[in-house]
Amino acid sequence: MNLPNGKLTNGLIIANVVVFLFLWISGLEQDAILRGGFFPIRLGEGLPEFDGISGMVPAWLTPVSSSFLHGGLMHIAFNMLMLLFCGRFVEQALGPQLMALLYVVGAYAAALAEFAVNGDSVIPVVGASGAISAVIGAYALLFARNDVKPVGPFPGHVVRIAWLTLAWIGIQLMIGVATRGNLNGIAIFAHIGGFVAGLMLTRPLLQWRFKNA
């Protein structure tokens, strides 16, 4: 399969890889995660321990800064592979500007979903998977080939969104159990939040793009 060109997608991949390699070579991974990772508790009551650390990224920016931090080679490799495959198609459909909006909103939706479920957690959430989940959601909605019929008062596209959401939640639950034997080994709620944001934003963004074309 030939992938369409995607300047934004390529740029995001390059930026993530450059940041990862720099932190890996310099040995600053842990320091970067401490300063720029998304700690759910910082959006709520916070922790006094953070107040004495200089150079902390403001809590409201950590959903973005944490998306450029990864916990290892396999982590970034899988995320960038998914972004490479899905991102270029979504960028072709939405255009780079709206794709960028989708990506950022996905990162924030992922962080807010994780905060809503684990608001007192002091475990940092890092990686681009929340933002990429929004891209995957858009890809699934844009390129699903099966026809979905209306159910009662709900039109076909709403039913499709509901089915895709349930399927993604099921996949995330299985991944969470399979990776660590419990649901604490992976930020599944961040993935769910990003994916749902992608599903909900795709149709309005498409309408916006072609309305202003």
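Right above here is the structure, for reference.
Bear in mind that the values here come from a model prediction, so they are computed numbers and not experimental data.

Peer 1: Is there a simple way to think about the side chain of Thr 62 in this case?
Peer 2: Secondary-structure assignment places Thr 62 in helix H4 (residues 62-65). Within the local environment of Thr 62, its side chain forms a polar contact with the backbone oxygen of Ala 59, the two atoms lying 2.6 Å apart. With sequence-adjacent residues up to four places away left out, Thr 62 is seen in contact with Gly 36, Gly 37, Phe 38, Arg 42 and Val 57.

Peer 1: Before we go on, may I ask you to explain a nonpolar patch on the surface in this structure?
Peer 2: A surface patch of nonpolar side chains, about 420 Å² in accessible area, is lined by Val 17, Leu 21, Trp 24 and Ile 25. Structurally, Val 17 is set in helix H1 (residues 7-26).

Peer 1: Explanation requested: the nonpolar core in the structure shown.
Peer 2: The nonpolar side chains of soluble globular proteins are, as a tendency, buried together. The biggest cluster of nonpolar side chains holds 26 residues, and the ones touching the most others in it are Met 80, Leu 83, Val 90, Leu 102, Tyr 103, Ile 132 and Val 135. Secondary structure elements with two or more residues in this core: H1, helix H5 (73-94), helix H6 (96-117), helix H7 (129-143) and helix H9 (188-211). Counting residues per element, this core draws most heavily on H7, at 8 residues. For Leu 102, the contacting residues outside a window of four places in its chain are Val 90, Leu 94, Ala 134, Val 135, Ala 138, Gly 198, Leu 201 and Leu 205. Among the nonpolar cores identified, the runner-up in size contains 6 residues, and Phe 38, Ala 110, Ala 111 and Ala 190 belong to it.

Peer 1: Whenever I open this one, the packing of aromatic side chains confuses me. Can you help?
Peer 2: What describes a pair of aromatic rings is the distance from one ring centre to the other and the angle between the planes of the rings. Taken as a whole and assessed by the stated rule, the structure comprises 5 aromatic pairs. Look at Phe 85 and Tyr 139: their rings are 5.6 Å apart centre to centre, the planes differ by 65°, and that puts the pair in the edge-to-face class. One end of the pair, Phe 85, is in helix H5; the other, Tyr 139, is in helix H7, with 54 residues separating them in the sequence. Every member of this aromatic cluster is reached through a ring pair, and the members are Phe 85, Phe 89, Tyr 139 and Phe 143. Arg 209 extends its terminal NZ or CZ atom over the ring of Phe 210, reaching a point 5.6 Å from the ring centre.

The rules behind each value
- Numbering of residues starts from 1 in every chain and runs along the sequence as written.
- Thresholds applied to this predicted model are a pLDDT of at least 70 for local features of residues and 80 or more for the giving and counting of side-chain atom pairs; totals over whole chains, interfaces and linings are not thresholded and use all residues.
- Side-chain figures throughout are based on the complete set of non-hydrogen atoms in the structure, without hydrogens or water.
- Per the convention used, a helix needs a DSSP run of H or I reaching at least four residues, while a strand needs a run of E reaching at least two, with both numbered from the N terminus.
- Distance and chemistry together define a polar contact, namely a pair of N or O atoms within 3.5 Å, with one atom able to donate a hydrogen and the other to accept it when in protein, and with adjacent residues in sequence counting only for side-chain atoms on both sides.
- Throughout, a contact is declared for two residues whenever any of their heavy atoms are within 4.5 Å.
- Here a patch means residues that are over 30% exposed by relative accessible area and free of salt bridges, tied together within 9 Å if like-charged and within 5 Å if nonpolar (Val, Leu, Ile, Met, Phe, Trp, Tyr).
- Shrake-Rupley sampling with a 1.4 Å probe provides the accessible areas, and residues are treated as covered by the protein chains on show and by no other component.
- In the sections that follow, a salt bridge refers to a side-chain nitrogen of Lys or Arg positioned within 4 Å of a carboxyl oxygen of Asp or Glu.
- Definition used in this section: a nonpolar core is a set of buried Ala, Val, Leu, Ile, Met, Phe, Trp, Tyr and Cys residues joined via side-chain atoms within 4.5 Å.
- For the exposure calls, accessible area comes from a 1.4 Å probe over protein chains only, and a residue counts as buried if that area is under 20% of its type's maximum, exposed if over 50%, partly exposed in between.
- Put simply, two rings from Phe, Tyr or Trp (the six-membered ring, in Trp's case) pair if the centres are within 6.5 Å, and we call them stacked under 30 degrees between planes, edge-to-face over 60, tilted for the rest.
- Each ring is checked for a lysine NZ or an arginine CZ that lies within 6 Å of its centre and within 35 degrees of its normal; such an atom marks a charge sitting over the ring.

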